Amino acid sequence: MRTLDPQSLTQHVDRLYRAAWALCGGREDAEDLVQETFARVLARPRVLSGEHELYYLMRVLRNTFFTSRRTASRRPVTVATLDDIVVADPRPMGQPEQALEMEELYATIATLPEDFRLALVAVDVLGLSYKEASRALRVREATITTRLFRARKLIARALTPELAPEPPRIATGRREETRASGVLPSGEPS
Amino acid sequence: MTNLPPHTESELVELVRSSDVRAPDSLHRHVDALIASRRRRRLAPPPRLLGATAVVAAVVALALAVGHNGGSGAPAMSMREAAASTLRAATLPAPPESRTYHAQLAAAVDGVPFPYWEDRFGWRSTGMRSDQVEGRAVTTVFYSDSSGRRIGYAILAGTPAPRIGGGTIAWRGGVPYRLLTVHGAAVVTWLRDGRLCVISGRGVPSAMLLRLASWSEHDATAS
């Protein structure tokens, strides 16, 4: 058991921002999400039971993401005007091609089904181990493996023009549904 | 499509993991400020050691927050007082659109103009009023939209601007906007050229207020 050192959190801002961007699909929303995540974490002293800080931050980020989305769904929908469009930061990275690539990559990740998106963000964007990701997302490790596999496949297809898009998978039975939700009957292998 | 799309899943993983996108400087600054604030709280004496002193301090802070100003000249401002003028009735005619700058009205406080929102957002200026809040002149312009909702936009004269606490902070374009609820109405406060601005309206969501506030910050003052 150890107390979370607030000062150590500064090193995770960039990585958490990338994770938030992939979750939300937009930079401005990502900025808000990271702000809110840190505000929550720093609201009171936190005790970690030997866990990596990033794993803990991923849990808070996930919870904050769900909360903010629920709150947003209760607000009236407003249509964006030209004034709402934020001009892209001209200095996000050194090369414009790379910037475009990343914009597209994160936007594509944000279109994934939520479970797949969270798995990909936890493992590939944040760099958590499968075990840490499974604990942060409260699912089995094997479920993370499956979701990650499918998420990567979907992203690779979406970003590769010569590959025909895969038709959307439609759940055909209870087993498929339970697999997709990550909740399996006890004793059933995933 | 990208210039170099990943052809395999391993290439995709490599692309995702190699991303070095950096968070905006404004976000880094905000997190640093949160951490510094947390550190200050940790360094403060524990509440149980303060006993009655802590209770008195809390009451004084609460008194300031709810508008019982003792006239001490403290820079803290009663948010209720500042926001109240945005919810009162207009006593002066609406200022017209500026002839010089299309994004502004022909009304300003210490050179800080009120924004013109009618063309962009459909919020038309309908009236104005002037008040004194804790010795400061407060000018408020009221706006209405087609559905009859009403917004008050107040600018407090003088610098330094009074401190406002509480609520949550949302950053737009490097500017911190404080979001609160006062008298059951959403309120957004921020600084323009060092002057405290307050915008509020019953039945108007804070997201809308924030959008209007941040637009005026970027466009009306820049033009």
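Please refer to the structure higher up on the page.
Residues numbered from 1 in each chain as written. Chains lettered and ligands numbered in written order. Predicted model: local features only at pLDDT ≥ 70, side-chain atom pairs only at ≥ 80, totals over all residues. Heavy atoms only, no water.

A. How the structure looks around the side chain of Ser8(A). By secondary structure assignment, the location of Ser8(A) is in the loop between strand S1 (2-3) and helix H1 (13-24). Reaching out from Ser8(A), the side chain makes a polar contact with the side chain of Glu53(A) at a distance of 3.0 Å. (Helix = DSSP H or I, 4+ residues; strand = E, 2+ residues; numbered from the N terminus. Polar contact = N/O pair within 3.5 Å; in protein donor to acceptor, adjacent residues only side chain to side chain.)

B. Highlighting the packing of helix H5 (residues 114-125) of chain A against helix H6 (residues 130-137) of chain A. Residues and elements named next belong to chain A. Packing of H5 against H6 leaves a shortest axis separation of 9 Å and a crossing angle of 135°. When the axes of H5 and H6 are compared, the pair comes out oblique. Considering only the axes of H5 and H6, their crossing is right-handed. Taken together, the residues of H6 that come into contact with H5 (itself represented by Leu118, Ala119, Ala122 and Val123) are Tyr130, Ala133 and Leu137. (Axes fitted to C-alpha atoms, helices over the stretch in contact; angles between N-to-C directions. Parallel < 35°, antiparallel > 145°, perpendicular 65-115°, else oblique. Left-handed = near helix turned anticlockwise from the far one by under 90°. Contact = heavy atoms within 4.5 Å.)

C. Main features of the nonpolar core. Core analysis: the biggest nonpolar cluster contains 60 residues, and Phe38(A), Met58(A), Leu105(A), Ile109(A) and Leu128(A) have the highest contact counts within it. Sort the elements by how many residues they give to this core and helix H3 (residues 53-74) of chain A lands first, with 9 residues. With residues up to four places along the chain from it excluded, the contact list for Leu105(A) reads Ile155(A), Leu159(A), Leu12(B), Leu15(B) and Val16(B). Tyr116(B), Val175(B), Met208(B) and Leu210(B) belong to the second-largest nonpolar core, a separate cluster that totals 33 residues. (Core = buried A, V, L, I, M, F, W, Y, C linked by side-chain atoms within 4.5 Å. Buried < 20%, exposed > 50% of the residue type's maximum accessible area, 1.4 Å probe, protein only.)

D. Seen up close, the packing of aromatic side chains. All names here are of chain B. All told, the structure shown has 9 aromatic pairs over all chains when counted by the stated rule. For the pair Tyr153 and Trp190, a centre-to-centre distance of 5.5 Å together with 80° between the ring planes defines the contact as edge-to-face. In this pair, Tyr153 is assigned in strand S5 (residues 150-156) and Trp190 in strand S8 (residues 185-192), connecting sequence segments 37 residues apart. Residue Trp190 is classed as buried on the basis of its relative accessible area of 2%. An aromatic cluster is built from Phe114, Trp117, Tyr143, Tyr153, Tyr177 and Trp190, whose rings are joined through pairwise contacts. (Phe/Tyr/Trp six-rings, centres within 6.5 Å; stacked < 30°, edge-to-face > 60°.)

E. Structural context of empty space enclosed by the protein. Taken as a whole and assessed by the stated rule, the structure comprises 2 cavities of 30 Å³ or more. Empty space within the second largest cavity amounts to approximately 40 Å³. A class-by-class count of the residues in the lining of the second largest cavity yields 5 nonpolar, no polar and 3 charged. (1 Å grid on protein atoms, 1.4 Å probe; cavity = no way out; pocket = protein on both sides within 12 Å on 5 of 7 lines; lining within 4 Å. Points joined across faces, edges and corners; volume = space filled by probe spheres on them. Nonpolar A, V, L, I, M, F, W, Y, C, P; charged D, E, K, R; others polar.)

F. Local environment of the packing of H1(A) against helix H2 (residues 27-41) of chain A. Residue and element names in this part refer to chain A. It is the contact of H1 with H2, at a shortest axis distance of 8 Å, that shows an interaxial angle of 125°. One way to sum up the angle between H1 and H2 is to call them oblique. Between H1 and H2 lies a crossing of right-handed hand. Seen from H1, the contacting residues are Val13, Leu16, Tyr17, Ala20, Trp21, Leu23 and Cys24; seen from H2, they are Arg27, Asp29, Ala30, Glu31, Leu33, Val34, Thr37 and Phe38. When grouped by side-chain class, the residues that make up the contact of H1 with H2 number 11 nonpolar, 1 polar and 3 charged.

G. Representation of the sheet that holds S8(B). All names here are of chain B. Here we have 7 strands laid out as an open sheet, ordered S3-S4-S5-S9-S8-S7-S6, and antiparallel in their pairing. Each of the sheet's edge strands pairs with one partner strand only, and the pair in question is strand S3 (124-133) and strand S6 (168-172). Averaged over all neighbouring strand pairs, the angle between strand axes comes to 25°, with direction disregarded. Strand direction decides the pairing type here: strand S4 (residues 136-144) and S5, joined by 7 bridges, are antiparallel. Note that in S5 the partner of Thr139 across the bridge is Ile155. (Pairing = 2+ DSSP bridges.)

H. Region of the structure containing the pairing of strand S7 (residues 175-182) of chain B. Residue and element names in this part refer to chain B. Two elements, S6 and S7, share 5 bridges in a ladder whose sense is antiparallel. When the bridges of S7 are listed, Thr168 appears paired with Leu179. Between the antiparallel neighbours S6 and S7 lie 2 residues, among them Gly173 with a positive phi of about 60°. Note that S7 and S8 share 5 bridges and pair antiparallel. Of the residues in S8, the one forming a bridge with Arg178 is Thr189. What sits between S7 and S8 in their antiparallel hairpin is a turn of 2 residues, with His183 showing a positive phi close to 55°.

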